Amino acid sequence: MSPHSQYDSIGAAYDAVKELPAARYGEIPAVRALLGDLTGQKVLDLGCGTGHYARLCRDHGARHIDGVDNSTTMITEARRREQPSQPSGPSQASPAPITYHVHDAAELPHLGTYDVVLAVYLFNYAPDRATLEAMLTSIRANCRPGTRLVALLTDPSSPLSRPGLRHYGIEFDITSDADPDADPDADSDDAQDSTATTEIVFTAHCDPPVSFRLHAPHPHLIDECLRTAGFSEIEWGRCPVSPQGRDLFGDAYWAEYQHSPPWITVTALAGV
Ligand SMILES: C[S@@+](CC[C@H](N)C(=O)[O-])C[C@H]1O[C@@H](n2cnc3c(N)ncnc32)[C@H](O)[C@@H]1O
């Protein structure tokens with residue numbers, strides 16, 4: 001039995017967040033581009049929520065997809081969408097079934113050996129180094145040499161609390177900032193931990209609004225934990241607006257977002 005997750009009281013309401021322009025034309029195309037060609041690939045989607053990206057992977061050719069989340073409510077909703085009677089279920093064109101599991105990503109069993117592991121916002125639920133290390137060790141145990149990790153998370157170095165983001169229906173309320181005086185290059189684990197994460201309450205002004213707490217671990221910490229867990233070829237990226245979003249809304253609409261997109265991506269390869 002998984003402990004109560006804040007997402008147990010969000011469930012299907014979360015999907016409205018994916019409809020906001022910043023998600024549709026910023027976040028989602030960035031992840032899609034990083035996933036590349038998934039034809040015939042076996043994918044593990046961690047922190048899968050209601051299955052948005054698991055289904056996207058199916059639609060782009062993945063042959064086998066497992067989705068994992070620690071919220072039973074999110075997984076119940078994801079499984080409902082998987083029913084053959086649902087338009088979001090498997091189809092003749094995209095037949096791969098998606099299997100959903102309730103697990104904490106920091107304590108994964110061996111589910112299989114994957115070509116791609118996807119973690120969209122998962123690292124935002126690592127409040128400290130120990131949790132991040134546990135997640136990455138669990139992930140590595142489900143990889144083969146060469147497995148690609150594709151992750152996206154809130155960027156702690158973006159000015160997240162700027163009012164201009166309300167323009168896109170999103171709001172980040174910083175509830176506990178990382179220690180600005182600590183030296184991120186310091187050697188001691190304590191110093192690293194004190195600079196590790198920023199605590200945030202995120203609100204999407206959908207109808208009804210959706211609000212949840214998250215952490216924004218700093219890239220230097222993620223980088224270190226990735227290397228410790230056996231990942232290399234680590235590449236960081238931004239989430240600029242897609243050409244389609246720019247055509248639809250115009251550059252003036254996107255100026256505030258483009259100035260500093262609130263999300264960053266990281267990719268890495270599992271080593272031998
Ligand atoms: C912001 S939602 C993102 C869902 C999905 N990746 C997406 O982009 O649509 C974060 C998800 O991570 C899940 N989550 C948080 N901590 C987790 C953990 N330790 N293990 C597994 N899932 C977790 C939450 O339950 C929630 O469904």
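Refer to the structure above for everything that follows.
Read on for a plain summary of the structure. Quantities reported herein were computed from a predicted structural model and do not represent experimental measurements.

## A few points about the layout of surface pockets
Here the largest pocket defines a volume of roughly 840 Å³. Top element by residues in the lining of the largest pocket is strand 8 (residues 210-217). It accounts for 4 residues. The residue inventory of the lining of the largest pocket, partitioned by class, reads 24 nonpolar, 13 polar and 7 charged. Roughly 240 Å³ of internal volume is contained in the second largest pocket. As for the second largest pocket, its lining consists of D15, K18, E19, R24, Y25, I28, P29, H52, R55, R81, S242 and Q244. The set of elements that each furnish at least two residues to the lining of the second largest pocket consists of helix 1 (21-35) and helix 2 (52-59). Residue classes in the lining of the second largest pocket are distributed as 3 nonpolar, 3 polar and 6 charged.

## A look at the pattern of salt bridges
Oppositely charged side chains may form a pair once their charged atoms are brought near each other. Inspection of the entire model under this criterion finds 13 salt bridges. R81 is the salt-bridge partner of E77, the closest N and O atoms lying 2.7 Å from each other. Of the two residues, E77 and R81 both sit in helix 3 (residues 72-81), 4 residues apart, roughly one turn of that helix. Pair check on accessibility: E77 and R81 agree, each one buried.

Cut-off values and rules
Residues numbered from 1 in each chain as written. Predicted model: local features only at pLDDT ≥ 70, side-chain atom pairs only at ≥ 80, totals over all residues. Heavy atoms only, no water. 1 Å grid on protein atoms, 1.4 Å probe; cavity = no way out; pocket = protein on both sides within 12 Å on 5 of 7 lines; lining within 4 Å. Points joined across faces, edges and corners; volume = space filled by probe spheres on them. Helix = DSSP H or I, 4+ residues; strand = E, 2+ residues; numbered from the N terminus. Nonpolar A, V, L, I, M, F, W, Y, C, P; charged D, E, K, R; others polar. Salt bridge = Lys/Arg side-chain N within 4 Å of Asp/Glu carboxyl O. Buried < 20%, exposed > 50% of the residue type's maximum accessible area, 1.4 Å probe, protein only.

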